[in-house]
Protein chains: 2
Amino acid sequence: MAKQDKQFVNDIADINTDFAQWYTDVILKTDMVDYGPVKGTMVIKPYGYAIWENIQNYLNKEFKKQGVQNAYFPMLIPESFLKKEAEHVEGFAPEVAVVTYAGGEELNEKLIVRPTSETIICAMYSKWIKSYRDLPLAMNQWCNVVRWEKTTRPFLRTSEFLWQEGHTVQASMADAERDTQTMLKVYSDCLRNLMAIPTLTGRKTENEKFAGAEATYGMEAVMKDGKCLQAGTSHNLGQNFAKASDIKFLNKDGVLEYGYSTSWGVSTRLIGALVMVHGDERGLRLPPNIAPIQVALIPIASKVDGVVAKCEQVQEELNKADIRVKFDNSNNTPGWKFNEYEMKGVPLRLEIGPRDIENGVATAVRRDTHEKLQLHLNNIVNEVDDLLKDIQSNMLRQAEDNLQSSMTETDDFNTLVDDVNNRKVVLAYHCGDPECESEIKQKTTITTRVIHSYDDNHKCIYCGKKSKYRVYFGKQY
Amino acid sequence: MAKQDKQFVNDIADINTDFAQWYTDVILKTDMVDYGPVKGTMVIKPYGYAIWENIQNYLNKEFKKQGVQNAYFPMLIPESFLKKEAEHVEGFAPEVAVVTYAGGEELNEKLIVRPTSETIICAMYSKWIKSYRDLPLAMNQWCNVVRWEKTTRPFLRTSEFLWQEGHTVQASMADAERDTQTMLKVYSDCLRNLMAIPTLTGRKTENEKFAGAEATYGMEAVMKDGKCLQAGTSHNLGQNFAKASDIKFLNKDGVLEYGYSTSWGVSTRLIGALVMVHGDERGLRLPPNIAPIQVALIPIASKVDGVVAKCEQVQEELNKADIRVKFDNSNNTPGWKFNEYEMKGVPLRLEIGPRDIENGVATAVRRDTHEKLQLHLNNIVNEVDDLLKDIQSNMLRQAEDNLQSSMTETDDFNTLVDDVNNRKVVLAYHCGDPECESEIKQKTTITTRVIHSYDDNHKCIYCGKKSKYRVYFGKQY
């Protein structure tokens with residue numbers, strides 16, 4: 001075993017010295033993803049896609065509670081639509097893919113493969129919305145989007161990715177703002193409850209907001225290398241897109257008014273966050289609530305009478321209790337299997353051999369603590385269930401500890417730069433001037449992540465002028 | 001009420017005299033779909049999309065039973081990939097949409113928006129498959145595809161549509177053939193059990209098979225106007241794509257061999273079939289198992305004390321039993337609501353008013369038979385559940401009766417043409433010669449749908465030569 005463990009660990013780059021290579025090794029070797037044939041594209045393999053499906057199931061339930069309905073809008077957007085909102089086209093034009101031929105003919109108007117769907121969804125909304133009685137209107141779609149990026153990495157930044165995008169229209173700015181913040185909370189709860197990922201949430205600065213939004217709120221997760229990953233965003237679009245798309249409604253006073261819209265999305269990026277928040281030197285570590293396989297059940301001395309039968313019985317019991325168990329009765333050695341499921345981040349391993357059966361127990365090994373325990377076969381479902389819950393909350397605690405220890409604060413700019421380069425996220429005061437912020441970014445590649453709190457009683461850490469807010473600085477994925 | 005009914009019915013074209021307009025009226029007025037801004041595209045609205053989600057949920061469970069795993073492959077396919085399989089490119093080249101620019105630059109190689117994904121999936125499979133131990137490999141993806149069509153109709157034929165496409169590779173032709181037929185059965189069971197749609201299944205002729213397949217099996221549903229709709233297909237691709245994509249595996253004898261692949265899919269077309277198989281002069285009729293709303297609960301005299309409270313109580317009870325109920329407590333009149341949910345095809349309407357409460361009953365009206373019944377409030381869940389089951393089986397019976405009465409058989413070609421023009425599907429003997437079949441199609445627009453049985457003891461209905469099989473002839477959507 002020790003030898004095999006060693007060999008296995010050697011297959012993955014060291015997490016502490018080469019985090020980037022570690023990430024690539026882990027996602028490829030655990031069969032989550034592969035590179036697609038076109039540069040910058042990815043194939044999401046079943047083990048990665050099952051994680052995405054668990055995110056979908058969680059969010060669909062939450063969206064429904066918020067009165068959001070799923071729908072589907074066309075992928076190909078007339079070029080003229082993208083140009084309707086001035087900031088929006090500036091933000092997205094450089095990275096779109098363009099269909100110029102279809103059905104054997106050159107198209108009269110070029111079609112953009114959606115990089116996001118505000119323009120086409122708002123065009124439809126303007127057709128459907130006539131009166132305040134039609135509001136709020138709240139739809140979501142699960143779909144693919146294309147953004148042609150120069151530098152790509154599977155899950156984190158790819159030319160095509162999967163996401164959901166929700167779009168609401170409200171009758172007032174206050175209601176739009178409430179939607180924006182409610183959905184941000186839905187996202188951060190999803191990361192916390194399902195993925196055991198704590199996040200920093202708050203408003204983005206003017207420089208970092210969505211092209212066309214009045215206000216963007218972001219949710220940042222901090223990876224094990226101290227870099228930030230924007231894990232979800234929620235935009236209050238005010239009347240910008242309503243004006244561009246002519247979404248007008250007759251309000252309660254009988255006056256025609258532009259609607260107030262919002263949009264919000266999370267993507268397959270979240271899978272990258274999951275890997276980089278929880279992984280360790282042995283590979284993935286998946287929190288039970290999102291793990292495609294929660295329990296790997298491995299027979300020991302499977303040729304001995306009764307072992308396979310007992311495993312099958314346990315598998316059935318766990319299945320019935322909706323615990324996602326994989327009974328691996330393949331010809332591989334137990335040691336090979338231990339390594340395999342450890343690398344794949346399965347939260348709990350159960351081993352059942354002849355001696356275990358004699359003693360009425362199963363041996364359990366936790367992925368989060370490596371702790372070895374004995375469970376009672378006659379109470380296996382309850383004990384496994386309790387363990388999975390404990391693993392889930394322990395992983396959240398570990399991730400919270402990591403997040404806390406990643407954070408510092410300072411009033412000195414050189415210290416800020418040193419700290420960020422030393423894998424920290426740094427809280428500091430800033431004047432709020434976009435040019436000051438841009439200068440910091442250009443000089444150091446350090447960006448603001450989300451605003452912590454508004455405060456004009458301090459000095460900007462960079463230019464020394466009066467502060468506007470306290471904001472998280474960090475490096476971003 | 002009578003007046004309102006009349007008005008409402010007048011809003012939808014007459015199903016008997018103008019079926020095409022009836023279809024368009026129904027799908028637009030029930031908020032299933034709208035036209036997208038680009039010609040030939042559609043927006044699937046929540047009421048239509050919920051039907052698609054129910055199909056997804058059903059099929060995902062069945063796919064899992066068959067060992068098929070969900071995954072996601074890139075949408076943009078290098079042009080050279082499409083050209084690898086000669087028949088395939090010939091079949092699809094005329095209708096593809098082509099990305100020529102991306103990220104502000106002209107692409108070196110044009111990218112095809114997938115019309116189907118055999119070429120890109122097989123390219124990945126060839127990388128993953130090395131030995132017979134890697135087989136069978138079976139993946140499915142839910143995604144959008146684009147086929148640029150000249151004549152389009154929402155759900156039935158659109159430039160972009162949603163579908164699932166499953167792709168397996170097996171180690172032998174026999175296993176590939178088994179996959180092909182198993183998946184056809186999964187589809188026809190889905191239509192029967194979930195959608196209450198009986199189908200004609202069988203092999204397609206050479207003329208009608210998929211571009212690149214060895215054998216295509218089809219599932220045909222017969223619409224109320226007697227026209228056939230190809231509702232799903234399953235292809236045995238033999239070694240065609242394996243050779244084109246170099247999918248080789250080391251077989252058990254240590255010899256390198258090309259794999260045997262299959263593909264199979266159903267699409268948002270199924271929603272069109274659902275409308276055209278079950279609809280009537282008043283609009284949609286949805287079988288309970290697939291209906292987004294199974295029960296419309298409507299308060300009568302809702303201002304009277306206790307009515308709303310009782311409705312809410314019933315709603316909660318039904319919800320708890322996983323019955324999809326909509327309690328409509330809006331300001332519209334009961335009559336307006338009756339029409340609305342009737343048009344939307346909700347299988348069961350429940351009315352609860354002061355007198356019903358006094359008598360401990362709710363009034364139920366079936367969409368399938370218009371029958372009015374009284375249910376006991378103290379046993380409402382069981383009685384509703386029984387009724388929904390009865391409606392489901394009755395609707396299947398009605399659809400089967402329609403299918404039976406749509407079918408005839410003949411040995412005379414003129415009779416065949418008359419019968420097809422008279423809304424029939426006609427069983428007849430054919431020689432199997434592709435040229436003979438093409439001539440029939442050119443002259444009459446009548447096509448073969450699926451082969452009923454092989455038989456060389458008769459004469460071809462058209463050319464008089466020896467028959468090869470008995471086949472269904474009809475007009476197609």
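Coordinates for the structure precede this section.
Residues numbered from 1 in each chain as written. Chains lettered and ligands numbered in written order. Predicted model: local features only at pLDDT ≥ 70, side-chain atom pairs only at ≥ 80, totals over all residues. Heavy atoms only, no water.

Visitor: Lay out the pairing of strand β17 (residues 348–352) of chain B in plain terms, naming residues and giving numbers.
Guide: Of all five residues in β17(B), five are buried, a share of seventy percent or more. What you see with β17(B) is no split at all: B:Leu348, B:Leu350 and B:Ile352 on one side and B:Arg349 and B:Glu351 on the other are buried throughout. (Buried < 20%, exposed > 50% of the residue type's maximum accessible area, 1.4 Å probe, protein only. Helix = DSSP H or I, 4+ residues; strand = E, 2+ residues; numbered from the N terminus.)

Visitor: Tell me about helix α7 (residues 173–193) of chain A, and name the residues and values.
Guide: Taking 1.5 Å per residue, 21 residues should reach 30 Å; α7(A) reaches 30 Å between its end C-alpha atoms and fits that length. Three or more residues of α7(A) are buried, namely A:Ala176, A:Asp179, A:Thr180, A:Met183, A:Leu184, A:Val186, A:Tyr187, A:Ser188, A:Cys190 and A:Leu191. (Expected span 1.5 Å × (residues − 1).)

Visitor: Can you explain the sheet that holds strand β9 (residues 200–203) of chain B? Please cite residues and give values.
Guide: Residues and elements named next belong to chain B. In spatial order, the strands read β3-β7-β8-β14-β11-β10-β9; together these seven strands make up an open sheet with mixed pairing. Because the sheet does not close on itself, it has two edges, and the strands there are β3 (69–70) and β9. Note: strand β10 (residues 215–222) against strand β11 (residues 228–238), eight bridges, orientation antiparallel. Note that in β11 the partner of Tyr-217 across the bridge is Ser-234. (Pairing = 2+ DSSP bridges.)

Visitor: Please provide a residue-by-residue account of the interface of chain B and chain A, values included.
Guide: Counting from both sides, the interface comprises 50 residues of chain B and, opposite them, 50 residues of chain A. With both chains or domains summed, chain B and chain A bury close to 4000 Å², and 66% of this area falls on carbon and sulfur atoms. In this structure, the connection of chain B to chain A is made through two salt bridges. One salt bridge in this structure joins A:Asp34 and B:Lys127, with 2.8 Å as the shortest N-O distance. Viewed at the interface, chain A and chain B are joined by 22 residue pairs in polar contact (both at pLDDT 80 or more). Sort the elements by how many residues they give to the side of chain B that touches chain A and strand β5 (residues 97–102) of chain B lands first, with six residues. (Contact = heavy atoms within 4.5 Å. Buried area = accessible area lost by both parts, 1.4 Å probe. Salt bridge = Lys/Arg side-chain N within 4 Å of Asp/Glu carboxyl O. Polar contact = N/O pair within 3.5 Å; in protein donor to acceptor, adjacent residues only side chain to side chain.)

Visitor: Got a sec to walk through the pairing of strand β6 (residues 105–113) of chain A? Specific residues and values, please.
Guide: All names here are of chain A. Where strand β4 (residues 76–78) meets β6, three bridges bridge the pair, whose relative direction is antiparallel. Following the sheet pairing, Pro-78 is matched in β6 by Leu-111. As paired strands, strand β5 (residues 97–102) and β6 are joined by four bridges and run antiparallel to one another. Considered in β6, the bridge of Val-99 is made with Leu-111.

Visitor: Outline helix α9 (residues 269–278) of chain A, supporting the account with residue identities and numerical values.
Guide: Across the ten residues that make up α9(A), a large majority, ten, are buried. Looking at α9(A), one finds that the buried residues are A:Arg269, A:Leu270, A:Ile271, A:Gly272, A:Ala273, A:Leu274, A:Val275, A:Met276, A:Val277 and A:His278.

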